[in-house]
Amino acid sequence: MSETLLRVLLVEDNPGDAELVYARLEDSTALPCHLHHVTRLDAAMQWLKDMPVHVVLLDLTLPDASGVEAVHKLHAVPGAAPIVILTGRQDEDLASQALGAGAQDYLLKSDLSGPALLRAMRYAIERKRVAEALNERERQLSALFDSALDGLVIADTEGIISESNPAACALIGLPPDQVCGQRLAAFGTPPLTLESDAGSDVPTDEQRSGEFCLLRPDGTVRDIEYRTTAHFLPGRHLWIWRDVTARVLAQEALRQANMQLIQRVAALEQYNAEITLLNEMGELLLAAQTIAEASQIIAQWAPRLFPTVTGAAYLLNAQRTFVEAIAVWGTAASLEHDFPLEDCWALRRGRPHVVQTNTGGVLCAHVDSLPAQSSRLCFPMTAAGEVLGLL
């Protein structure tokens, strides 16, 4: 979304539930929101006509509409916004039906939170955008296919081409005089034939359809969808060719786009999970009263934040000459439990120090060696401009 203000329309006739939504949106500061509240569906439809919004939060039990009917009516408004259903637990089945009618997501009011509500609205907007882009692409492809001229080829029972129209010649990549007289099998894989399974001639007017790869003289290959009618003239068979290469490529592009969307959604969920862990650990650390408590918190939470990383947290001793490990996770044997301050470049320079095997760098004295395809990060921990320790 390019706009910094999220315009939200809340359609809710219960004042308490509306206040809940207001409160949850105020709790979430990740994206500023402008919330407009109406209590009836007809007011919502009028507002959407006059003032477009980014997303609609819809209750399914309204005075003038309920259930799937409300979703259908909102979708009928030109340029309708994505819809997120807000429902009670007893309405989960109805909410599922609303999703089938075109809503993008639904949330239970009893589980409503600021981050969950904001995430659902963002996902709904993205799903709507992607769906519209895919639908537009499909409409363009359909228009292209419907308006395209098909290739027509007439061949005898031996598969020898006797006639071909300009569209077929363009598909093959040869002029008519070089197409006629050729065998169908010379251009297709698998070879085109009208023999029955027993190898005998097929009955009159039998129709078949399928796909094959058209091998062109210039070495290129086209994906062709065909329909054929046997003996449409005595001893002659009609082949209708349609180039579907663009459709095959588009389907693959759509498949890749769907995979990318799934990966992006997974990345967002992972990011949200990590932020939640960081917030929880931060709250615990603020409440810790001793170094021992802080050490225990870091030792328990760091492996969850960095499950594939070995690390340790160090504090300077009272004389500020050594750092001592207060929490260690991962492969502890590969880490020093205490070492002089001057052995670490990060502590000496007062900023992070990174060494990677593929890019090189000066290794700290407290690190014996660096395994292949790995990296080492030393990060000084400071407060009020004073170095307190190392991560």
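Presented here is a report on the structure given in the accompanying data block. Keep in mind that this is a model prediction, so the values were computed, not measured.

Looking only at helices and strands, the chain features ten helices and 18 strands. Relative to all contacts within the chain whose residues are 6 or more apart in sequence, the contacts with residues 24 or more apart total 52%. Put simply, the chain shows about 22000 Å² of open surface, and 53% of that area lies on carbon and sulfur atoms.

Its place among the elements puts V265 in helix α8 (residues 245–287). According to the relative accessible area criterion, V265 is partly exposed, its value standing at 25%. Sequence separation between V265 and Y123 is 142 residues, and the spatial gap between their C-alpha atoms is 8.3 Å.

All right, on to the sheet that holds strand β17 (residues 380–383) then. Taken together, the five strands give an open sheet; going across it, the order is β14-β13-β12-β18-β17, and neighbouring strands pair in antiparallel fashion. Looking along the sheet, the strands with just one partner apiece sit at the ends: β14 (338–340) and β17. For this sheet, the mean angle separating the axes of adjacent strands, direction not counted, is 35 degrees. In terms of strand pairing, strand β12 (residues 311–316) meets strand β18 (residues 386–390) through two bridges, oriented antiparallel. Looking at the pairing, L315 lines up with G389 of β18. Docked against the sheet, helix α9 (residues 291–305) engages β12 and β13 (322–329), running at close to 45 degrees with respect to β13.

Our focus in this paragraph is a nonpolar patch on the surface. A cluster of nonpolar side chains, contributed by V354, L377, F379 and L391, occupies part of the molecular surface with about 350 Å² of accessible area. Among the secondary structure elements, F379 is positioned in the loop between β16 (375–378) and β17. Residue F379 is classed as partly exposed on the basis of its relative accessible area, which comes to 40%.

With that settled, the discussion passes to the environment of H36. Looking at the secondary structure, you find H36 in strand β2 (residues 33–38). According to the relative accessible area criterion, H36 is partly exposed, its value standing at 24%. Counting along the chain gives 26 residues from H36 to L10, while the straight-line C-alpha distance between them is 6.0 Å. With near-sequence residues (within four places) excluded, H36 lies in contact with V8, L9, L10 and W47.

Pairs of packed helices are described in terms of their axes, by the angle between the two and the distance that separates them. Viewed as axis vectors pointing N to C, α8 and α9 meet at an angle of 175 degrees, and their least axial separation amounts to 10 Å. The angle between α8 and α9 places the two elements in the roughly antiparallel class. Within the contact between the two elements, α8 uses E274, L277, L278, E280, M281, L284 and L285 and α9 uses A294, I297, I298, W301, R304 and L305.

At a minimum axis distance of 10 Å, the contact between helix α2 (residues 41–50) and helix α3 (residues 68–75) shows a crossing angle of 20 degrees. Classed by the angle they form, the pair α2 and α3 counts as roughly parallel. Like other packed secondary-structure pairs, α2 and α3 cross with a definite hand, here right-handed. Of α3, the residues touching α2 (which contributes L41, A44, M45 and L48) are A70, K73 and L74. Residues belonging to the contact of α2 with α3 are distributed by class as follows: six nonpolar, no polar and one charged.

Our focus in this paragraph is helix α1 (residues 15–27). Each α-helix winds once per 3.6 residues, and so residues spaced three or four apart point in a common direction. Given a rise of 1.5 Å per residue, 13 residues ought to cover 18 Å, and the 18 Å separating the end C-alpha atoms of α1 matches this to within 8%. Among the residues of α1, A18, V21 and L25 are the ones counted as buried. Projected down its long axis, α1 carries its buried residues within an arc of 55 degrees, all on one side. Facing away from the buried side of α1, by more than 90 degrees, are the exposed residues P15, E19, E26 and D27. Here α1 starts with a cap whose side-chain oxygen sits 2.9 Å from the backbone nitrogen of G16, and that cap is N14.

Evaluated as defined, the whole model comprises four aromatic pairs. Between the aromatic rings of Y314 and F339, the centroid separation amounts to 5.2 Å while the plane-to-plane angle is 65 degrees, which identifies the pairing as edge-to-face. Pair noted here: Y314 is in strand β12 and F339 is in strand β14, with a separation of 25 residues, a long-range link. Taking the relative accessible area as the measure of exposure, Y314 reaches 4% and is therefore buried.

To continue, consider the sheet that holds strand β11 (residues 236–243). Pairing is antiparallel across the open sheet formed by six strands, whose spatial order is β7-β6-β11-β10-β9-β8. With one partner strand each, in any of the chains shown, β7 (161–164) and β8 (188–189) form the two edges of the open sheet. Bridge count between β8 and strand β9 (residues 207–215): two bridges; the pairing is antiparallel. The partner of G188 across the bridge, within β9, is L214.

Here the focus is the side chain of D150. Mapped onto the fold, D150 is located in the loop between α5 (114–147) and β6 (151–156). Since its relative accessible area comes to 18%, D150 is described here as buried. A polar atom in the side chain of D150 sits 2.9 Å from the side chain of R242. Setting aside chain neighbours within four positions, we find D150 in contact with N165, A167, R227, I240, W241 and R242.

Here we come to unusual backbone geometry. Although it is not a glycine, R320 sits at a positive phi angle of roughly 60 degrees. With respect to the helices and strands, the residue R320 is situated in the loop between β12 and β13.

The rules behind these values
Sequence positions are assigned chain by chain, starting from 1 and proceeding in written order. Thresholds applied to this predicted model are a pLDDT of at least 70 for local features of residues and 80 or more for the giving and counting of side-chain atom pairs; totals over whole chains, interfaces and linings are not thresholded and use all residues. Working from all heavy atoms in the structure, the side-chain values ignore hydrogens and water. For the purposes of this entry, the term helix denotes a DSSP run of H or I that reaches at least four residues, the term strand denotes a run of E that reaches at least two, and both are numbered from the N terminus. By definition in these notes, contact holds between two residues if any of their heavy atoms fall within 4.5 Å. Surface accessibility follows the Shrake-Rupley procedure with a 1.4 Å probe radius. Residue values consider only the protein chains on display as shielding. Only protein chains enter the calculation, and the probe is 1.4 Å; a residue is then buried if its accessible area is under 20% of its type maximum, exposed if over 50%, and partly exposed in between. Any two strands with at least two DSSP-identified bridges between them are counted as paired. To get an axis, fit a line to the C-alpha atoms, keeping to the stretch in contact for a helix; angles then go from 0 to 180 degrees between the N-to-C directions. Here a patch means residues that are over 30% exposed by relative accessible area and free of salt bridges, tied together within 9 Å if like-charged and within 5 Å if nonpolar (Val, Leu, Ile, Met, Phe, Trp, Tyr). Salt bridges are counted wherever a side-chain nitrogen of Lys or Arg sits within 4 Å of a carboxyl oxygen of Asp or Glu. Oblique is the label for any angle not covered by the other classes, which are roughly parallel (under 35 degrees), roughly antiparallel (over 145) and roughly perpendicular (65 to 115). Handedness of each helix crossing follows the sense of rotation of the near helix against the far helix: counterclockwise by less than a right angle gives left-handed, clockwise gives right-handed. Classification convention: Asp, Glu, Lys, Arg as charged; Ala, Val, Leu, Ile, Met, Phe, Trp, Tyr, Cys, Pro as nonpolar; all other residues, Gly among them, as polar. By definition here, a helix of n residues has an expected span of 1.5 Å times n minus one. Read the arc as the range of directions from the helix axis to the C-beta atoms. By the criterion applied in these results, polar contacts are pairs of N or O atoms within 3.5 Å in which, for protein atoms, one can donate a hydrogen and the other can accept it, and in which residues neighboring in sequence qualify only through two side-chain atoms. Here the aromatic set is Phe, Tyr and Trp, taking the six-membered ring for Trp, and pairing holds for ring centres within 6.5 Å; pairs whose planes are under 30 degrees apart are stacked, those over 60 apart are edge-to-face, and all others are tilted.

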